[in-house]
Amino acid sequence: MKNYRFNLTYFVLALLTVLLLQDYLKGVKTTVVPYNEFQAALESNEIKEVVVYNEEVKGYLKEARKKDNKTVIVARRVPPELRSELEKYGVKFWRANESSFLSDIFSWLIPMLFFIGIWIFLSRKIFSGGQGSFMSVGKSKAKIYVEKKIKVSFSDVAGVDEAKSELEEVINFLKDAKHYERLGAKMPRGILLVGPPGTGKTLLAKAVAGEAAVPFFSISGSEFVEMFVGVGAARVRDLFEQARKHAPCIVFIDELDALGKARGANPMGGQDEKEQTLNQLLVELDGFDGGEGVVLLAATNRPEILDPALLRAGRFDRQVLVDRPDRIGRLQILNVHVKKIKLDRNVELEQVAALTTGFTGADLANLVNEAALFATRNNRESVTLEDFNLAIERIITGLEKKSRVLNKMEQKIVAYHEMGHAIVAASCSKVNKVHKVSIIPRGVGALGYTIQRPTEDRYLMSPLELENKMAVLLGGRASEKLFFNEMTTGSSDDIAKVTEMARAMVTKYGMIKELGHIVYEQQQQSYLGIDQFSPKTKNYSEKTAQLIDERVKEIVDKAFEKAYHVLELNRDIVEKSALELIKKETLTGEELEVFFNQLN
Ligand code: ADP
Ligand code: MG
Ligand code: ZN
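Asker: For unusual backbone geometry, give the residues involved together with the corresponding values.
Answerer: Not every positive phi belongs to a glycine, and Asn-45 is a case in point at roughly 60°. You can see Asn-45 is positioned in the loop between α2 (35-43) and β2 (47-52). For Asn-45, a relative accessible area of 45% corresponds to the partly exposed category. The residue Asn-379 is not glycine, and still its phi comes out positive at about 55°. Of note, Asn-379 is situated in the loop between α14 (361-377) and α15 (385-397). Judged by its relative accessible area of 68%, Asn-379 falls in the exposed class.

Asker: Go over the confidence of the model for the protein chain, please, and point to the residues and values.
Answerer: Predicted confidence across the protein chain gives a mean pLDDT of 79, with 80% of residues reaching 70 or more. Mean pLDDT values for the elements of the protein chain range from 65 in helix α1 (residues 2-29) up to 94 in helix α19 (residues 542-569). Between residues 129-142, whose pLDDT stays under 50, and residues either more than four places distant or in other chains, the model counts 19 contacts. Ignoring residues within four places in sequence, the model shows residues 399-405, a span with pLDDT below 50, making 12 contacts including any to other chains.

Asker: Any chance you could break down the nonpolar core for me, citing the residues and the numbers?
Answerer: Within the largest apolar cluster, 53 residues are counted, with the highest numbers of intra-cluster contacts made by Met-419, Ile-423, Val-424, Met-470 and Phe-596. At the level of elements, α16 (408-428), β12 (433-438), α17 (463-484), α18 (492-507), α19, α20 (571-584) and α21 (589-596) are the ones that each hand at least two residues to this core. Counting residues in each nonpolar core, the second largest holds 30 residues, with Ala-163, Leu-167, Ala-207 and Phe-252 among its members.

Asker: Break down the site of ligand 1 for me, with residues and values.
Answerer: Close to ligand 1 lie 14 residues; Ala-158, Gly-198, Lys-201, Thr-202 and His-337 are nearest. Taking Lys-201, its side chain carries an N or O atom lying 2.8 Å from an oxygen atom of ligand 1. Leu-203 is positioned such that a nitrogen or oxygen atom in its backbone is 2.9 Å from an oxygen atom of ligand 1. Protein chains shield 77% of the accessible area of ligand 1, which is 560 Å² for the free molecule. With 3 residues, helix α7 (residues 201-212) is the largest single contributor of residues to the shell around ligand 1. Tallied by class, the residues present in the shell around ligand 1 amount to 6 nonpolar, 6 polar and 2 charged. Of the domains in this structure, domain 1 (143-321) and domain 2 (327-397) are the two that each give at least three residues to the shell around ligand 1.

Asker: Requested: an account of a negative patch on the surface, with residues and values cited.
Answerer: There is a patch of like negative charges on the surface, built from Asp-161, Glu-162, Glu-166 and Asp-326. Position of Glu-166 among the secondary structure elements: in helix α5 (residues 161-175).

Asker: Explain the pairing of strand β9 (residues 249-254) to me, using residue names and the numbers behind them.
Answerer: Among the 6 residues of β9, 6 are classified as buried, and the element is accordingly described as predominantly covered. On β9, burial covers both faces: Cys-249, Val-251 and Ile-253 on one face and Ile-250, Phe-252 and Asp-254 on the other are all buried. As paired strands, β9 and strand β10 (residues 294-300) are joined by 5 bridges and run parallel to one another. Across the sheet, Ile-250 pairs through a bridge with Val-295, a residue of β10.

Asker: Quick one: what's the story with α18, residue by residue and with numbers?
Answerer: Over its 16 residues, α18 runs 22 Å from end to end, which matches the ideal 22 Å to within 8%, given 1.5 Å per residue. Here α18 has its buried residues at Asp-494, Val-498, Met-501, Ala-502, Ala-504, Met-505, Val-506 and Thr-507. Summarising the contacts, the buried residues of α18 are in contact with α16, α17 and α19.

Asker: Would you mind going over the coordination of the zinc ion (ligand 3) in detail, with residue names and values included?
Answerer: Around the zinc ion (ligand 3), the donor atoms from the protein are His-417 (NE2), His-421 (NE2) and Asp-494 (OD), and they sit 2.1 Å away. Along the chain, the residues donating to the zinc ion (ligand 3) fall in the pattern H-x3-H-x72-D. Here His-417, found in helix α16, pairs with Asp-494, found in helix α18; they are 77 residues apart in sequence, far enough to count as distant. You can call His-417 buried: its relative accessible area is 6%. Judged by relative accessible area, Asp-494 falls into the buried class, the value being 11%.

Asker: Got a sec to walk through a nonpolar patch on the surface? Specific residues and values, please.
Answerer: Among the surface-exposed residues, Phe-114, Phe-115, Ile-118, Phe-121 and Leu-122 lie close enough to one another that they form a single nonpolar patch of about 530 Å² accessible area. Among the secondary structure elements, Phe-121 is positioned in helix α4 (residues 101-127).

Asker: For helix α12 (residues 327-337), give the residues involved together with the corresponding values.
Answerer: When α12 is considered as a whole, its buried residues turn out to be Gly-329, Arg-330, Leu-331, Ile-333, Leu-334, Val-336 and His-337. Each element contacted by the buried residues of α12 is listed here: α13 (349-354) and α14.

Asker: Let's hear about the environment of Ser-222: which residues, and what values?
Answerer: Topologically, Ser-222 is positioned in the loop between β8 (216-220) and α8 (231-245). In this structure Ser-222 comes out as partly exposed when scored by relative accessible area, which is 36%. For the pair formed by Ser-222 and Glu-255, sequence separation is 33 residues and the distance between their alpha carbons is 6.8 Å. The contact partners of Ser-222, leaving out residues within four places of it in the chain, are Glu-255 and Ala-258.

Asker: Pulling in residues and values, what's your account of the packing of aromatic side chains?
Answerer: Where two aromatic rings form a pair, the distance of their centres and the angle of their planes describe that pair. One pass over the full model with this rule turns up 7 aromatic pairs. Residues Phe-216 and Phe-252 carry aromatic rings whose centres are separated by 5.7 Å and whose planes lie at 25° to one another, so their mutual orientation is stacked. With Phe-216 in strand β8 and Phe-252 in strand β9, this residue pair connects regions lying 36 residues apart in the sequence. Through pairs of rings, three or more aromatic residues link up here, namely Tyr-416, Phe-483 and Phe-484.

Reading the values: the criteria
- Residues numbered from 1 in each chain as written.
- Chains lettered and ligands numbered in written order.
- Predicted model: local features only at pLDDT ≥ 70, side-chain atom pairs only at ≥ 80, totals over all residues.
- Heavy atoms only, no water.
- Helix = DSSP H or I, 4+ residues; strand = E, 2+ residues; numbered from the N terminus.
- Buried < 20%, exposed > 50% of the residue type's maximum accessible area, 1.4 Å probe, protein only.
- pLDDT = per-residue confidence, 0-100.
- Contact = heavy atoms within 4.5 Å.
- Core = buried A, V, L, I, M, F, W, Y, C linked by side-chain atoms within 4.5 Å.
- Near = heavy atom within 4 Å.
- Polar contact = N/O pair within 3.5 Å; in protein donor to acceptor, adjacent residues only side chain to side chain.
- Areas by Shrake-Rupley, 256 points an atom, 1.4 Å probe, with all protein chains shown as cover.
- Nonpolar A, V, L, I, M, F, W, Y, C, P; charged D, E, K, R; others polar.
- Domains from an automatic or database assignment.
- Patch = residues over 30% accessible without salt bridge, like charges linked within 9 Å, V, L, I, M, F, W, Y side chains within 5 Å.
- Salt bridge = Lys/Arg side-chain N within 4 Å of Asp/Glu carboxyl O.
- Lys, Arg positive; Asp, Glu negative; His and termini not counted.
- Charge placed at Lys NZ, Arg CZ, Asp CG, Glu CD.
- Pairing = 2+ DSSP bridges.
- Expected span 1.5 Å × (residues − 1).
- Donors = N, O, S within 2.8 Å, 3.2 Å for Na, K, Ca; no water.
- Phe/Tyr/Trp six-rings, centres within 6.5 Å; stacked < 30°, edge-to-face > 60°.

Structure representation (structure tokens):
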């Protein structure tokens with residue numbers, strides 16, 4: 001495109017130059033004069049010879065005119081008596097056999113060129129407004145990112161050992177394709193990295209390229225949303241064409257779900273473009289057999305919405321799970337990222353890892369950065385554990401909002417509410433210790449908070465543990481009821497969580513005897529929560545529905561009773577601690593321990 005524009009500009013410039021030069025050359029010696037002046041020159045014998053054209057007569061002077069130093073004079077009139085006059089003065093003359101060919105050509109060629117120029121200019125203006133430029137159909141080089149030298153290596157990606165070991169084979173294949181072909185082995189065509197956002201899928205794909213030292217072609221699925229139908233497909237074709245030229249290499253399609261959404265899954269319709277692109281991708285996937293040394297990687301956080309055709313054997317048939325890291329994984333990730341900061345010697349990263357259950361790699365990278373920011377703000381020499389704690393709190397509960405002030409009554413209610421959570425937690429669970437309670441408003445919606453720190457990651461939970469968890473969540477509301485005999489809106493979040501848990505116990509975990517080991521609600525296999533467009537199907541009777549509702553309510557009621565009972569039993573401790581909380585605004589682990597030790 002760029003080259004093309006340059007050519008056009010040069011062409012126009014050259015044309016103008018020629019035209020101007022022509023005029024200039026013509027005008028150098030020639031001057032147009034009235035016919036009587038021409039006649040006078042004839043009379044005074046200044047003219048050497050004369051050329052007669054159709055509509056003008058040109059006289060070549062013997063010497064340049066004094067007036068303007070011109071040697072040719074032209075009169076724009078050819079009178080019938082010219083011939084006799086020329087003969088009379090004895091001047092050499094002849095008739096020019098004039099051809100109008102050149103001027104004719106120019107008279108239509110120039111306007112035409114002019115309009116073509118305008119057309120090109122306009123069309124470029126119009127089409128470059130959208131994402132896809134009209135002139136660049138099929139020439140998507142600008143949008144395909146190729147990195148020849150990747151600096152990311154496997155040591156930059158931590159906590160995803162399983163995924164790494166699965167990808168190890170790909171690296172070996174890329175390094176030494178011959179070795180694999182020897183026995184006829186072929187690389188799987190496509191490997192799909194599946195996992196929640198921020199777990200390091202993009203990073204992992206890059207690291208594979210870095211380890212194997214091959215070029216890395218990457219394109220994001222969301223970039224295929226193009227203006228013209230067919231552009232995306234052309235782009236896919238282009239991508240693979242280029243990749244084949246650079247083999248061995250890696251082609252990485254990020255956010256595959258944006259492109260590979262199940263066909264016809266969108267009720268809004270108008271999926272023509274994506275369908276074409278997807279079809280082209282399928283064609284390309286079938287087109288190469290792994291022997292070419294092109295390895296296709298893709299990433300998605302929503303594998304459940306992908307078109308089944310993509311996941312068929314021979315296409316993206318290998319899926320590598322990149323899940324949220326466990327505690328040891330988090331420690332490894334932290335170790336990777338703290339290399340970039342100046343860490344205090346006393347910081348025990350194990351502790352930080354233990355406090356960050358559920359954090360992804362991206363969250364942890366963010367955490368390290370936040371901690372470094374806190375340390376800088378406090379003019380510290382190095383980043384301390386304190387900074388990490390602050391950063392964790394910030395990330396968990398959102399930014400501290402110092403400007404928000406609760407009135408005295410609200411503050412009191414929040415204090416009792418939070419202590420309700422804390423006391424129930426301390427009484428019901430010996431594992432999940434409460435580390436901090438605060439009534440400083442933070443983030444949106446949270447008036448106070450209680451941080452309970454599990455000391456280990458849990459994957460399995462018994463009904464009793466779930467019930468305890470619900471009791472803790474309801475502790476806030478129970479406390480409000482016990483001490484103020486009223487309910488506030490502050491518990492809406494707690495209640496939502498409890499309801500979800502209770503429903504899950506009944507309809508997903510099969511924990512209710514009468515309902516059997518049956519799943520009543522299809523698990524939404526979505527990492528990003530509910531899929532808006534798929535309607536909930538209810539494939540059980542009205543009677544069962546009623547039973548489910550009753551049991552859910554029963555479970556919640558029971559959990560509430562439990563919380564209420566605990567608080568009633570420890571009434572004075574809740575009161576004492578709540579007053580302390582109002583005074584100090586935050587209570588830490590040790591301060592809380594004093595109260596917890598007195599619990600009945
Ligand atoms: P995804 O593609 O899964 O959404 P990214 O690969 O874009 O996540 O991760 C974003 C950033 O988070 C990375 O650049 C890296 O700094 C950090 N990160 C994520 N996962 C890890 C990990 N497993 N090890 C180290 N850093 C990680
Ligand atoms: Mg990504
Ligand atoms: Zn609460």
